[in-house]
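One letter stands for each residue in the lines below.
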Amino acid sequence: MAKAPKTERAEVFRDHRSQLVLSKFLSGELDKLDPVYDPAYGYRYPALEAIIGDPTGTEEFLTHLYDLGILKRQTYDKTIYCPTCNSANVSIHYSCPYCKSFNIKKSALIEHIPCGYIDTEDRFKKDDKLVCPRCKTELNKPDINYRRAGIWCACNECNKSFDIPVPSHFCRVCSKNFTFDDASYRDVYAYTLNKEILKEVGVGFILVAPIREFLQSRGFTVESPSFLKGKSGASHMFDIAATRGDITRNVIVIDLATTAEEFVSEQSIIAMFAKVYDVSPDKACLIAIPKMGENGKKLAELYNIQLIEAKDQNDAIKALEKCVMAVIQSKIQQP
Ligand SMILES: [Zn+2]
Ligand SMILES: [Zn+2]
Ligand SMILES: [Zn+2]
């Protein structure tokens, strides 16, 4: 069964790379992620490569975020890739429709209006002037006694003439010729953040950065997200884990639970308890934004999970500060 987009999005929000990319959008450092053309490679996203590292993974990464509704995209360009070697270093050839040669000559057609004679521009050229080959009059008033009457092509190979050449492509890497029929023709996008999604990510996501800063300022080493191994051997993920060698035997773990509803579901407490039971940290905090329901509160107490209810970032930090100071003091007082 396919996972619900919301669950999948939650996974993305926990991914360190996604967090970095999204925080660039959220902080305003990045407004729109535009592709940049590289002749050898095709389009790339340098701003993203700096985060992801591997340029071959950027497209997949962005498509995933788009599919989940986190990013919006607009078509920026279309690129032609060689069907043989997949290079984007491809040139366009305008070719003769009869013999397919691209060795054609393009000319402008000129009509001498008074006598109606039409021919290619070079037939009218006489020194620096344009003179009608039929009536020998000079053409000197554009749009009055002569006008441009379109384009005419002549093939240098088969000598046939035509007005519309046939486009074809030439790969500058493997030197193969190919037509639009065989070309791989792909969309290139510019990406922006889907602001709607912020409601879902909520303050919780944006909170990670300030919480991290706060804990670091108190001398903690912080990991977010953090994967900790439990007694069972299984690895559990917490939104934030903080350690301070001199104080904590083990670690303080923090999970964030946010909701657009009135109350955060007690499930977040139950899920956290299962992890905490296995990992046995010094302290477990669950930050519920904005509030936890009555059942959740009871469970938190029963499970010895410190519940922090906060309506916003400042609230959460203040409450967390109290909680962290309490941990530090209790450890100092212990013999
Ligand atoms: Zn090629
Ligand atoms: Zn030809
Ligand atoms: Zn004429």
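Residues numbered from 1 in each chain as written. Chains lettered and ligands numbered in written order. Predicted model: local features only at pLDDT ≥ 70, side-chain atom pairs only at ≥ 80, totals over all residues. Heavy atoms only, no water.

Visitor: Now, about the packing of aromatic side chains: what can you tell me, with residues and values included?
Guide: Within this structure, the stated rule accounts for nine aromatic pairs. Both rings, one in Phe273 and one in Tyr277, keep their centres 5.9 Å apart while their planes meet at 50°; by these two values the pair is tilted. Of the two residues, Phe273 and Tyr277 are both situated in helix α7 (residues 267-279); the distance of four residues between them amounts to about one turn of the helix. Residue Tyr277 is classed as exposed on the basis of its relative accessible area, which comes to 57%. These aromatic residues form a ring-pair network of at least three members: Tyr37, Tyr43 and Tyr76. (Phe/Tyr/Trp six-rings, centres within 6.5 Å; stacked < 30°, edge-to-face > 60°. Helix = DSSP H or I, 4+ residues; strand = E, 2+ residues; numbered from the N terminus. Buried < 20%, exposed > 50% of the residue type's maximum accessible area, 1.4 Å probe, protein only.)

Visitor: Pulling in residues and values, what's your account of the coordination of the zinc ion (ligand 2)?
Guide: At 2.2 to 2.3 Å from the zinc ion (ligand 2) lie its protein donor atoms, namely Cys96 (SG), Cys99 (SG), Cys155 (SG) and Cys158 (SG). Here the zinc ion (ligand 2) binds four donor atoms, and the angle range of 102 to 119° at the metal identifies the geometry as tetrahedral. Counting gaps between the donor residues of the zinc ion (ligand 2) yields the pattern C-x2-C-x55-C-x2-C. Linking Cys99 in the loop between β4 (90-95) and β5 (104-112) with Cys155 in strand β9 (residues 146-155), this pair joins segments that are 56 residues apart in sequence. (Donors = N, O, S within 2.8 Å, 3.2 Å for Na, K, Ca; no water. Tetrahedral: all angles 85-135°; square planar, octahedral: opposite > 155°, others 65-115°.)

Visitor: Can you break down the sheet that holds strand β14 (residues 221-223) residue by residue, with the values?
Guide: Read from one edge of the open sheet, five strands run β14-β17-β18-β19-β20, paired in mixed fashion. Only two strands of the sheet have a single partner each, and these edge strands are β14 and β20 (306-309). Across the sheet, the mean angle from the axis of one strand to that of its neighbour is 20°, orientation sign disregarded. Sheet analysis places strand β17 (residues 240-243) next to strand β18 (residues 252-258), joined by three bridges and oriented antiparallel. Pairing of Ile240 across the sheet is with Ile254, part of β18. (Pairing = 2+ DSSP bridges. Axes fitted to C-alpha atoms, helices over the stretch in contact; angles between N-to-C directions.)

Visitor: Account for α7, naming residues and giving values.
Guide: For α7, which comprises 13 residues, the first-to-last C-alpha distance of 18 Å matches the rise-based estimate of 18 Å (1.5 Å per residue) to within 8%. If you check which residues of α7 are buried, you get Ser268, Ile269, Met272, Lys275, Val276, Asp278 and Val279. Buried residues along α7 sit in contact with β15 (226-229), β16 (235-238), β18, β19 (283-289), α8 (294-303) and β20. After α7 finishes, the residue Ser280 shows a positive phi value of roughly 45°. (Expected span 1.5 Å × (residues − 1). Contact = heavy atoms within 4.5 Å.)

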